[in-house]
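What follows is the residue order along each chain.
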Amino acid sequence: MRRFIEKTIENILRLSGLATTIIILLMVVFLFKEGFGLFKNPVVERGHVLCVNASNKIEYLNSKEIKLIFDGKIENWNKLGGEDVAIELFRFNEIFSRYSEEEFGEDYKKLPEKLGEVISSSPGMIAFIPKQYMPSTQQVKALAEEKIGGADFFGGTEWIPTSVPSPQFGVLPLVLGTLLVSLVAILIALPLGLGVAIYISELASYGTRKILKPAVELLAGIPSVVYGFFGLVVLVPLVQKALNLPVGETAFTGSLVLAIMALPTIITVAEDAMRSTPSAMREASLALGATHWQTIYKVIIPYASSGISAAVILGIGRAVGETMAVLMVTGNAAVIPTSLFAPIRTIPAAIAAELGEAPVGGAHYQALFMLGCILFMITLVMSIASELISKRQPGKGV
Amino acid sequence: MRKFLLATLTTLIAVSALYAQKVKGSDTVLPLSQQEAESFTKANKSANVTVTGGGSGVGISALLEGTTDIAQSSRKIKFEEKQKLQEKGDKVVEKIIAYDALAVIVHPSNPVSKLTREQMEDIFTGKTTNWKDVGGPDMKIIPYSRETSSGTYEFFKEHVLKNKNYVNGIMSMPATGAIVQSISQTKGAIGYIGLAYLDKKIKAVQVSFDEGKTYTAPSVKSAMDETYPIVRPLIYYYTEKSEATVKPFVDYVLSAAGQKIVRDIGFIPISK
């Protein structure tokens, strides 16, 4: 009977382990499947087509050119290799101000015909219309349909996912923004965190430790929105005034908030590692005549180094993936960071802010999943790297 | 006993389903719908209205899928969306329940108090980058916008920027409250918010849509007499088939009591 119960428990444990692994793997597969769907999307919004007058020599426009045309930045076809004709923009909704509802006939049957009339009437026109209303006349031609390419996505420098007709999914500003904020955050948090950890574990008296440790742990329990709000109301004006900047919402402000948020993790984990140094080693060091400080940095820190690197990884993990606080204090401007004191936009902030309204299954939605994939890869690379580093530590396992 | 319980439960569910209405969509309309639903259910004890946000687009797609009864929206339904519903053999009914004016705001210390639509277009698309070009001091302009998911973002882009894209790298904030907070802290800032959010920490500018002939300050009054140009309708969409179910609630919103709530929240009532 007892054997049977033990066997069952063993099987349940095995099963739960298996199930968790499978779920995690499935999630990763789902993430990448949704993400890579992005590259099946045309550069023009799905279900729509760009039409030009048949006399136009242009056969194909890339996503960037389309955006510049519809922003009014390119105003003549000769800049794109066509003839010297001014570009005239036409958006589908304008058709309803050119003709009355009755003229479209029942169920908008005459709509394609009317669109054909408009487009063929002007040689320089470029029209953005739904595919189903594509005019059948010879005087109108549709531009070739290109798919969003890897270079557009990974090498693109503009992130304007709601740009019509051609959304811009360049992730470079987001990736660089995320890395910059996290890196600076960890540079701020690491020395501070280690300092506090050493103080609590080695130097503080019993009474101080008893107050300090729970206080630090309390910091970890504060919701990130609260940090974000604190950042927006206190840190943003402070940074702006102290450094005399035009805006206070900068990458630096984000790093400060993230550093504060990563501190409890770093302190707790590093302190635990240091305290787990066997007292025999400590006492041996002191007995050999080493000072307190020599013991700390020759014996305790090397012994705890794997724990300390774990603290660093966990801290970076918290910083890279943190969403809400960063969303509130970094200004969310999707530009490639050129200075630490300019606004940036991070990957998690972009996902959180945009997923709500991105139509499910659309290009924008898939682009956000692709961002999730990138985030996943960043953390993966980081944990593998730190794993390798801590293995090479000579001090490990003294 | 159990059977009896079951029977009561089913009747209860059936009854509540009869009066239960779901309203979903725009976050701008959300506080209004919530207030309306609250006082509506207070007046009609048997009624039950659930209001959720998510954004205008979310509400309308829920209406198309039949998972909500009313879609609340801060933008007009798109032609394609209307077509989709027609393919299903249903028609959409549009009821404007209130208006919302968008105020363009700057830091209170900024001497610029008048802007034309063209100037605003240049500022938000990045053509003008210094306040001295629009009659202010030599100071960098820092434009603030809402997040791309918001209906306010779309409306401002369509109406003021004439469908052009915002400048690459515009500061985008997750909520209106955050915009107010940031602009009140940043000297060169400019942004746009709903009329209801105006307060002393920021300054609203007068705008002109006729190339500088007349400038109007945003207020409930100027929005009501249509002299203020940046006004958008807040709309309830529902289908013809479900008209009977949703009518009591929609009628309540349009009634004098309902429109009083509109005014209290800071939107502009439809009745003049």
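From a predicted model like this one, the values you see are computed outputs, not experimental measurements.

### Topic: the overall build of chain B
Looking only at helices and strands, chain B features ten helices and eleven strands. Within chain B, the fraction of its 272 residues that count as buried is 51%. Counted over contacts in chain B with a minimum sequence separation of 6, partners at least 24 positions apart contribute 73%. In the form shown here, chain B has an accessible surface area of approximately 12300 Å², with 55% of it arising from carbon and sulfur atoms. Mean positive and mean negative side-chain charge positions of chain B (35 and 28 charges, respectively) differ by 4 Å.

### Focus: helix 8 (residues 224-243) of chain A
In the structure, helix 8 of chain A departs most strongly from a straight axis at A:Gly231, where the bend amounts to approximately 40 degrees. Within helix 8 of chain A, the full set of buried residues consists of A:Ser224, A:Tyr227, A:Gly228, A:Gly231, A:Leu232, A:Leu235, A:Val236, A:Pro237, A:Val239 and A:Gln240. Structurally, helix 8 of chain A contributes buried residues whose contacts are with helix 7 (206-221), helix 9 (251-275) and helix 13 (324-329) of chain A together with helix 7 (176-185) of chain B. Phi turns positive, to about 55 degrees, at A:Asn244, one or two residues after helix 8 of chain A.

### Let's talk about a nonpolar patch on the surface
Residue and element names in this part refer to chain A. Together, Met-1, Phe-4, Ile-5, Ile-9 and Leu-13 make up a nonpolar patch on the protein surface, roughly 590 Å² of accessible area in all. Its location among the elements puts Phe-4 in helix 1 (residues 2-36). Among the residues examined, Phe-4 registers a relative accessible area of 55% and is labelled exposed.

### Considering unusual backbone geometry
When glycine is set aside, most residues are seen to have a negative phi, and most peptide bonds are trans. With an omega dihedral of 0 degrees, the bond running from A:Val164 to A:Pro165 counts as a cis peptide bond. Its location among the elements puts A:Pro165 in the loop between strand 5 (159-160) and strand 6 (168-169). One non-glycine residue with positive phi stands out, namely A:Asn332, at about 55 degrees. By the secondary structure assignment, A:Asn332 is in the loop between helix 13 and helix 14 (347-354). Not every positive phi belongs to a glycine, and B:Glu226 is a case in point at roughly 65 degrees. In this structure B:Glu226 comes out as exposed when scored by relative accessible area, which is 62%.

### A look at the layout of surface pockets
Estimated volume of the second largest pocket: approximately 580 Å³. For the second largest pocket, the lining is made up of 32 residues, of which B:Asp27, B:Thr28, B:Arg146, B:Ser150 and B:Pro174 are closest to its centre. Within the residue set of the lining of the second largest pocket, elements represented by two or more residues are helix 13 and helix 14 of chain A together with strand 4 (92-106), helix 6 (151-159) and strand 8 (189-194) of chain B. Tallying contributions element by element places strand 8 of chain B first for the lining of the second largest pocket, with three residues. Considered class by class, the residues forming the lining of the second largest pocket number 13 nonpolar, 13 polar and six charged.

### Structural notes on the interface of chain A and chain B
Listed per partner, the contact involves 40 residues of chain A and 33 residues of chain B. Roughly 2800 Å² is buried in total at the junction of chain A and chain B, and carbon and sulfur atoms are behind 50% of that figure. At the boundary of chain A and chain B, one finds one salt bridge. Among the ionic pairs, B:Glu147 bridges to A:Arg345, the shortest N-O distance being 2.9 Å. Where chain A meets chain B, there are 13 residue pairs in polar contact (both at pLDDT 80 or more). Listed by contribution, the elements that provide at least two residues to the side of chain A that touches chain B are helix 2 (63-70), helix 8, helix 13 and helix 14 of chain A. Take the side of chain A that touches chain B: its biggest share by element is five residues, from helix 8 of chain A. Of the residues that constitute the side of chain A that touches chain B, the class distribution is 22 nonpolar, ten polar and eight charged.

Reading the values: the criteria
Residues numbered from 1 in each chain as written. Chains lettered and ligands numbered in written order. Predicted model: local features only at pLDDT ≥ 70, side-chain atom pairs only at ≥ 80, totals over all residues. Heavy atoms only, no water. Helix = DSSP H or I, 4+ residues; strand = E, 2+ residues; numbered from the N terminus. Buried < 20%, exposed > 50% of the residue type's maximum accessible area, 1.4 Å probe, protein only. Contact = heavy atoms within 4.5 Å. Areas by Shrake-Rupley, 256 points an atom, 1.4 Å probe, with all protein chains shown as cover. Lys, Arg positive; Asp, Glu negative; His and termini not counted. Charge placed at Lys NZ, Arg CZ, Asp CG, Glu CD. Bend = angle between axes of the 7 residues up to and from the residue. Patch = residues over 30% accessible without salt bridge, like charges linked within 9 Å, V, L, I, M, F, W, Y side chains within 5 Å. Salt bridge = Lys/Arg side-chain N within 4 Å of Asp/Glu carboxyl O. 1 Å grid on protein atoms, 1.4 Å probe; cavity = no way out; pocket = protein on both sides within 12 Å on 5 of 7 lines; lining within 4 Å. Points joined across faces, edges and corners; volume = space filled by probe spheres on them. Nonpolar A, V, L, I, M, F, W, Y, C, P; charged D, E, K, R; others polar. Buried area = accessible area lost by both parts, 1.4 Å probe. Polar contact = N/O pair within 3.5 Å; in protein donor to acceptor, adjacent residues only side chain to side chain.

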